[in-house]
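Observations on the three-dimensional arrangement
Chain by chain, the residues run as shown.
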Amino acid sequence: METILNVFSLSHLLVIVIGVFFGAILGALPGVGTILALTLALPFTFALEPSTAIALLLAIYASSIYGGSISAVLINAPGTPQSAATCLDGYPLSQQGKAHIALGWVTSASAFGGLVSVVLLVLLAPQLAKISKSFGPVEIFALLIFALVCVSVASRESSMKGLVAVLAGLFLAMIGIDPMTGDIRYTFGFFELSAGIQFIPVLVGLFAISEVLVLVSKRKKQTQQRQTGRLAIFVPGPSDWLKHLKTLLKSAGIGSFFGLLPGPGALISSFVAYSEAKRSSFEPEKFGHGAEEGLIASESANNAVTGGAMIPTLSLGIPGDAATAVMLTALMIHGVAPGPQLFEQNTALVWNIMGSLAVVNLVMLVIGLLCIPAFSSILRVPKSFLVPTILLLSVAGTFALRQSYFDLMTMLVAGTVGYLLRKAEFPLAPIVIGLILGARLELSLRQGLILTNESLVAFLHSPIALCLLLAAGALIAREVLRTILSLRKIGRPLPRNG
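Residues numbered from 1 in each chain as written. Predicted model: local features only at pLDDT ≥ 70, side-chain atom pairs only at ≥ 80, totals over all residues. Heavy atoms only, no water.

A tally of helices and strands in the protein chain yields 20 helices and 2 strands. Within the protein chain, the proportion of its 498 residues that are buried is 55%. For the protein chain, restricting intrachain contacts to residue pairs at least 6 apart in sequence, the fraction spanning at least 24 positions comes to 77%. In the structure as shown, the protein chain presents an accessible area of about 21900 Å², 69% of it carried by carbon and sulfur atoms. (Helix = DSSP H or I, 4+ residues; strand = E, 2+ residues; numbered from the N terminus. Buried < 20%, exposed > 50% of the residue type's maximum accessible area, 1.4 Å probe, protein only. Contact = heavy atoms within 4.5 Å. Areas by Shrake-Rupley, 256 points an atom, 1.4 Å probe, with all protein chains shown as cover.)

Shown next as structure tokens:
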């Protein structure tokens, strides 16, 4: 009981509020992201108690994912990769004059997903930790294949274009050093490419810079895309929650599961949840054009990862994603050794972490909803000021990572390519996802081949891998069948009158 009361102490709550504000602001800035926000805050945790330090990092972790959705909804530039799926329906809602509804659901769904993940963390940590142990290279490879197929299917433009975009991202991921042999490949004479393509410059370029080019290219003022008044505070009512409860729960479960597994994280979970919501929706044609259900699915899933990712971090000492790797570092700095013995030897700290994560989501919900009117300032900014502001933030965020001019060139090239792809109605998010997951996919494939004596057929001997690959194949078959049926419908002659 004393441990739970410590979570609600004034100093603990103050640290959480500061962390929520800090994380949301940095998360909303394109190019900054969750990892950089956590890294910047890490030195400030050295003087804090372990429980308070982790509470600060948890607040930044959850709120930065949420903050990335703010810019995704308002300017179609996700502040963090985890919010890429939010652009699909969040920005169209903003263009329709429903930015307050989009932000209300983003805030509510994010907090809901986070709270569900805390409940699962408390109830299922020992059992779920056992599941994560069963995922070796073969299972990880199958999981990533399934996730990439989901990303392709979820593309609002077309599944085939989504697949092409994923393959383009996977090719970009192959540039640089071979992870197994150390050979340099596909650098095309540029020494800077030997370190590989950095995904932050590509992310910022594809989304933020291409959006700048789109805004500049539009000479006519489109009044339906801009709201001049302050945004109202939108709080979903009981009927709204009941209407979307199934999607909320299902997406939160997906996010918690993917958070549990080392590697995938919030990026994959949001697209898998989005794809599942679209598949099970009675109105799938609305997805990509301002469907609240799609927005709710992606946001509930990406924030549910926070609790799920803490399960392998605390119980096994294996970070669920890069963000929890920073928190794992903080724990070790404070003399706390995560692992199977943590739950027995330091139960108070474990309960404090779980309680802190619950409070973080509640504070994020209150602050996020109250700040919706303040977000209207972004929508009221004239295009003549908005364009250079987005450009300045993009350049500053990209250059701050490595102080590399080559990263700036990568960002500009990606922005130009992104603009052309948007003109051709190709989805952009699958490119970034393919780039981020490509190295992990290749490594797990080649490790799996070593374990199975170079036999791909042996991959099917794993029940988990078999189920995931069959699910991916079923999704592909469904899309091929839909394409064939649509082509037949187009080619069918019109009935004659009389």
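Turning to the pattern of salt bridges, a few remarks are in order. Overall, the coordinates contain 5 salt bridges when judged by the stated rule. Note that Arg446 and Glu442 form a salt bridge whose closest N and O atoms lie 2.9 Å from each other. Taken as a pair, Arg446 and Glu442 lie in helix α19 (residues 429–451) at a separation of 4 residues, close to a single helical turn. Among the charged side chains, a network of salt bridges with common partners joins Asp178, Arg185, Glu442 and Arg446. (Salt bridge = Lys/Arg side-chain N within 4 Å of Asp/Glu carboxyl O.)

Turning next to helix α4 (residues 50–75). The terminal C-alpha atoms of α4, which comprises 26 residues, lie 38 Å apart, in line with the 38 Å expected from a rise of 1.5 Å per residue. The element α4 is extensively covered by neighbouring structure, given that 25 of its 26 residues are classed as buried. Among the residues trailing α4, Asn76 stands out with phi positive, at a value near 60°. (Expected span 1.5 Å × (residues − 1).)

Core analysis: the largest hydrophobic core is formed by 101 residues, its most contacted members being Ile16, Leu206, Phe207 and Val272. Apart from the residues within four sequence positions on either side, Phe207 is in contact with Asn76, Ala77, Pro78, Ala84, Cys87, Arg422, Leu428, Ala429 and Val432. In this structure, Val15, Ala37, Ala309 and Met310 belong to the second largest nonpolar core, which totals 31 residues. (Core = buried A, V, L, I, M, F, W, Y, C linked by side-chain atoms within 4.5 Å.)

Let us now look at the confidence of the model for the protein chain. Chain-level statistics for the protein chain give a pLDDT mean of 76 and a share of 81% at 70 or above. Averaged pLDDT values over the elements of the protein chain bottom out at 61 in helix α1 (residues 2–7) and peak at 88 in helix α18 (residues 405–423). When the criterion is pLDDT under 50, residues 220–228 qualifies, and its contacts beyond four places in sequence or with other chains add up to 17 contacts. (pLDDT = per-residue confidence, 0-100.)

Our next topic: the packing of α4 against helix α5 (residues 87–95). At a minimum axis distance of 6 Å, the contact between α4 and α5 shows a crossing angle of 50°. Relative to α5, α4 is oriented oblique. Read as a crossing pair, α4 and α5 show a hand that is right-handed. From α4, Ala72, Val73, Leu74 and Ile75 reach across to α5, where they touch Cys87, Gly90, Tyr91 and Ser94. Grouping the constituent residues of the contact of α4 with α5 by class yields 6 nonpolar, 2 polar and no charged. (Axes fitted to C-alpha atoms, helices over the stretch in contact; angles between N-to-C directions. Parallel < 35°, antiparallel > 145°, perpendicular 65-115°, else oblique. Left-handed = near helix turned anticlockwise from the far one by under 90°. Nonpolar A, V, L, I, M, F, W, Y, C, P; charged D, E, K, R; others polar.)

This part covers unusual backbone geometry. Although it is not a glycine, Tyr186 sits at a positive phi angle of roughly 55°. Among the structural elements, Tyr186 can be located in the loop between β2 (184–185) and α9 (199–217). Judged by its relative accessible area of 39%, Tyr186 falls in the partly exposed class. The backbone of Glu454 shows a phi angle near 65°, a positive value even though the residue is not glycine. Examined against the element boundaries, Glu454 turns out to sit in the loop between α19 and α20 (463–491).

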